[in-house]
Amino acid sequence: MPDSDTLIAVKPEIAARARVDAARYRTMAEEAARDPEAFWRRELRRIAWMREPTRIKDADFTGDVRIRWFEDGVLNASVSCLDRHIEAGRGDQVAIIWEGDDPGTDAKVTYRELHERVCRLANALKALGVKKGDRVCIYLPMIVEAAVAMLACARIGAIHSVVFGGFSPDSLASRIQDSECSILITADEGRRGGRAVPLKANADEALATCPSIRHVVVVRHTGAPVPMRAGRDLWWHDLCAEAAPHCAPEPMGAEDPLFILYTSGSTGKPKGVLHTTGGYLVWASFTHEIVFDYRPGEIYWCTADVGWVTGHTYIVYGPLANGATTLMFEGVPSWPDSSRFWQVVDKHGVSIFYTAPTAIRALMREGEGPVRRTSRRSLRILGTVGEPINPEAWLWYYRVVGEERCPVVDTWWQTETGGILISPLPGATPLKPGSATLPLPGVKPAIVDGEGRILEGATEGNLVLLDSWPGQMRTVFGDHARFVQTYFSTFPGMYFTGDGARRDADGYYWITGRVDDVINVAGHRLGTAEIESALVAHPKVAEAAVVGMPHDIKGQGIYAYVTLKLGVEPSEALRQELVAWVRKEIGPIATPDAIQWAPGLPKTRSGKIMRRILRKIAANETGNLGDTSTLADPAVVADLVANRLSA
Ligand code: WTA
């Protein structure tokens, strides 16, 4: 068994060439803490400004909560990601390598070509009446057009809201409605693992309840025939062919919104996390460079989907701001076979590879053969994100994939944080398998107890952040009160992450997982309340409670307790019907792993469901259910224990 406190020293060959070595990390962390104004005044120059800011930081985590960075600065994010690289003579460098689902398909787009494609779409959107501040929804597969669409919005000051292509029509509709998007950009179909994803058909279904959408721009990707509604639906290629190839970038205030991205919380309704332009882009560029020790010319691959924040910051904005060659992969790790990741690494000479623990665990199960069949000599740095990585999976990644040559950076962050906050730096930080290690310069984490008291030294508790960093979310779109309530009311004056963490004697952080009602299934964040409301929307369901349960590959699985309406008989057919129902309501990522029929749910006398007990039953820790004396009807627990499913 691996000892999770094993210390793996920094590799001298990595440290020797690293952007940040141990001494530099100490200096940076010390300066960012002592004089953040001076530190960020220097770092902000890593991106292009139309007017360089003089005001650096204005943040207050109390009262109404105000977070502003670089406030009097003016910029356009697309200029940092495109124009300035061309001006620096790197127009012919490849910006995006696209690797299709089908191993025979790929494409390369240079910075010059990307610039032109962005400008054409930007002009096309303008011609459709899109103005600064308008919201544009992007519901696309992993194709180059997804990055083009995001940057075209940025170019004209429109706020993009990317919705993951695996979400259902209902989920898409509620996100469009919440931010009143006027344009939807989608494709005929997506392709994943040899199967088609009916994006346009889903979009058509969603739009039945989205009156704010004036036009749908459709990318022809697979060529499948799709109905086009006259007057509303337009082909991307027609619009872009007619549009001019130059578009002046819209001057944006540093605090003007760049994008909205919906994420699950403890309540049923996803929140529109709002990120602004200046601080977000500085943070994306800064963290992409130091965490991945990125150097110009390197091929960098993050396997996330652009529908998640990891895709925003570490496929599009961070790498393009730094002039990298970023790889976009349409497919899945297991198709056509489980060697695919490493075949793609060899094919394109990838140096930096960033993926999720769930993918590593799934591949680990297939054994070393599919990895060993490939060379992987180009790899230099490996990274993980999205959920805690168990030391076994970490060590397999390190030994088998990286052959002990490549440091593994376990990066902790959230949609809300905009970019990585806690992570090793390859040339500076000795590694411990399973630990996200230390905060980046400018990040001030703390661990607090249930009453918000800061705990010192080696300890365990709730992970909070005591001060702002440039990439922090600014508000919940359209609902600032919810922002304050969600993140700053549990522990007043501190940003609460929703995660638990342990800190060891070396000051290393070990993220232990969510302490709220959010579950993390294969690195996808889901609110238990969302799945519960999908279940109770079914005509035969009276009540439902959903909890996470340990899962070997996915980290957590979805365990649902369902009480049927009076007179409805449980059956295997009904169980399958409910599973299909949740997939249709939310999307395949929310597929329940287990549904247990519950004649009653354990509730307190005031009617609150005791989830602690449900979690223990799901995890098969029934020997230790804790105090059940406050339950209204303790007998329901005995029934649930007796009928527990072994999923
Ligand atoms: C979890 C993804 C442990 C955590 C970037 C967080 C992690 C949630 C790690 C955010 C990590 C992310 N170790 N847990 N390295 N990275 N998480 O918003 O629970 O999709 O709160 O952002 O994922 O998920 P989100």
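All residue numbers here refer to positions counted from 1 along the written sequence of the relevant chain. Confidence filtering applies because this is a predicted model: local features only for residues at pLDDT of at least 70, side-chain atom pairs given and counted only at 80 or more, and all residues used for totals across whole chains, interfaces and linings. Think of the side-chain values as coming from all heavy atoms in the structure, minus any hydrogens and water.

**Some points on the overall build of the protein chain**
- A count of helices and strands for the protein chain gives 20 helices and 31 strands.
- Taken against the 2.2 N^0.38 rule, which gives 26 Å for 647 residues, the C-alpha radius of gyration of the protein chain at 24 Å falls within 12% of a compact globule.
- Each of the three principal axes of the protein chain carries a C-alpha extent, and together these read 75 × 65 × 55 Å.
- Between buried and exposed lies partly exposed: a residue is buried under 20% and exposed over 50% of the maximum accessible area for its type, with that area taken using a 1.4 Å probe on protein chains only. Within the protein chain, the fraction of its 647 residues that count as buried is 61%. Helix and strand assignments follow DSSP, with helices taken as H or I runs no shorter than four residues and strands as E runs no shorter than two, numbered in order from the N terminus. Here the globule rule is a power law, 2.2 Å times the number of residues to the power 0.38, and the radius of gyration is based on C-alpha atoms.

**Quick look at the nonpolar core**
- With 164 residues, the main nonpolar core has Leu114, Leu184, Ile185, Tyr317 and Val562 as its most contacted residues.
- A total of 11 residues in this core trace back to one element, the largest contributor, which is helix 6 (residues 144-156). Remark: nonpolar core denotes a set of buried residues (Ala, Val, Leu, Ile, Met, Phe, Trp, Tyr, Cys) joined through side-chain atoms within 4.5 Å.

**Observations regarding the UniProt feature "binding site: CoA" (unreviewed entry) in the protein chain**
- Annotation from UniProt places "binding site: CoA" (unreviewed entry) at Arg192, Gly193, Gly194, Arg195, Thr310 and Arg583. An extended arrangement is adopted by the annotated residues: their sequence extent is 392 residues, and the largest C-alpha distance between any two is 23.9 Å.
- By the element assignment, Arg192 lies in strand 9 (residues 190-192).
- Leaving out residues up to four positions away in the same chain, Arg192 has contacts with Asp101, Glu330, Gly331 and Val332.
- Tracing the chain through its elements places Arg195 in strand 10 (residues 195-197). UniProt positions are given in the numbering used here, feature names are shortened, and annotations may be inferred rather than shown by experiment. In what follows, a contact means two residues having at least one pair of non-hydrogen atoms within 4.5 Å.

**A word on the packing of helix 3 (residues 36-43) against helix 10 (residues 278-291)**
- In this analysis, axes come from line fits to C-alpha atoms, helices being fitted only over the stretch in contact, and the angle between any two N-to-C directions falls in the range 0 to 180 degrees. Running from N to C, helix 3 and helix 10 point in directions that differ by 80°, and their axes come no closer than 11 Å. Here helix 3 is positioned roughly perpendicular relative to helix 10, judged by the angle of their axes. Where helix 3 approaches helix 10, its residues Phe39, Trp40 and Glu43 are matched on the opposing element by Val282, Trp283 and Phe286.
- Here the nonpolar group is Ala, Val, Leu, Ile, Met, Phe, Trp, Tyr, Cys and Pro; Asp, Glu, Lys and Arg are the charged ones; every other residue, Gly included, is treated as polar. Residue composition of the contact of helix 3 with helix 10, grouped by class: five nonpolar, no polar and one charged. Throughout, the term roughly parallel applies to angles under 35 degrees, roughly antiparallel to angles over 145, roughly perpendicular to angles from 65 to 115, and oblique to all others.

**Let's talk about the packing of aromatic side chains**
- Stacked, tilted and edge-to-face are the three classes assigned to paired rings of Phe, Tyr and Trp, where Trp is represented by its six-membered ring and a pair needs centres within 6.5 Å; plane angles under 30 degrees give stacked, over 60 edge-to-face, the rest tilted. Applying the stated rule across the entire model yields 35 aromatic pairs.
- Both rings, one in Phe39 and one in Trp40, keep their centres 4.9 Å apart while their planes meet at 85°; by these two values the pair is edge-to-face.
- The exposure class of Phe39 is buried, given its relative accessible area of 0%.
- A centroid spacing of 5.5 Å and a plane angle of 90° characterise the contact between Trp301 and Phe329, whose relative ring orientation is edge-to-face. Taken together, the residues span a long stretch of sequence, with Trp301 in strand 16 (residues 299-302) and Phe329 in strand 17 (residues 325-329) at a distance of 28 residues.

**Some remarks on the site of the ligand**
- Whether a residue is near a molecule or strand depends on its heavy atoms: it is near if one of them lies within 4 Å of it. By nearness alone, 17 residues border the ligand, and Asp410, Thr411, Thr415, Asp499 and Arg525 come closest of all.
- Take Arg514: an N or O atom from its side chain is 2.8 Å from an oxygen atom of the ligand.
- Any pair of nitrogen or oxygen atoms within 3.5 Å is treated as a polar contact; in protein, a donor-acceptor pairing is required on top of that, and neighbouring residues in sequence qualify only through side-chain atoms on both sides. With respect to the ligand, the side chain of Asn520 contributes an N or O atom lying 3.3 Å from an oxygen atom.
- Computed with the Shrake-Rupley method and a 1.4 Å probe, the accessible areas treat only the protein chains shown as cover for residues. For the ligand, whose unbound accessible area comes to 530 Å², protein coverage reaches 96%.
- Secondary-structure elements contributing two or more residues to the shell around the ligand are helix 11 (309-321), strand 20 (408-411) and strand 26 (509-514).

**A word on the sheet that holds strand 11 (residues 215-219)**
- Strands pair, by our definition, only if DSSP identifies at least two bridges between them. Reading across from one edge, 12-11-8-6-7-14-15-24 is the order of the eight strands in this open sheet, with mixed pairing throughout. Of all strands in the sheet, those bounded by a partner on one side alone are strand 12 (233-235) and strand 24 (475-476).
- Bridge count between strand 14 (residues 257-263) and strand 15 (residues 271-276): six bridges; the pairing is antiparallel. What sits directly across from Leu261, in strand 15, is Val273.
- Sheet strands in contact with helix 6 are strand 6 (135-139), strand 7 (159-162), strand 8 (183-187), strand 11 and strand 14, and its direction is about 175° off that of strand 6.

**Some words on the UniProt feature "modified residue: N6-acetyllysine" (unreviewed entry) in the protein chain**
- UniProt's entry tags Lys608 with the feature "modified residue: N6-acetyllysine" (unreviewed entry), counted in the numbering of this structure.
- Overall, the relative accessible area of 59% leaves Lys608 in the exposed class.

**Focus: the state of the cysteines**
- When two cysteine sulfur atoms are found within 2.5 Å, that pair is recorded as a disulfide. One pass over the full model with this rule turns up zero disulfides.
- There is no disulfide at Cys137, and the cysteine sulfur nearest it, in Cys181, is 4.9 Å away.
- Residue Cys137 is classed as buried on the basis of its relative accessible area of 1%.
- On the accessibility criterion, Cys181 (0% relative accessible area) is buried.

**Description of the packing of helix 13 (residues 357-365) against helix 15 (residues 391-401)**
- Packing of helix 13 against helix 15 brings their axes to within 10 Å, and their N-to-C directions diverge by 75°. Between helix 13 and helix 15, the crossing angle belongs to the class labelled roughly perpendicular. In this structure, helix 13 contributes Ile360, Arg361, Leu363 and Met364 to the contact, and helix 15 contributes Glu392, Ala393, Trp396 and Tyr397.

**Considering the environment of Pro388**
- With respect to the helices and strands, the residue Pro388 is situated in the loop between strand 19 (381-385) and helix 15.
- In this structure Pro388 comes out as partly exposed when scored by relative accessible area, which is 39%.
- Distance from Pro388 to Asp60, taken between C-alpha atoms, is 30 Å for residues 328 residues apart in sequence.
- If we ignore the near neighbours within four places in the chain, the residues touching Pro388 are Pro357, Arg361, Ile511, Thr512 and Gly513.

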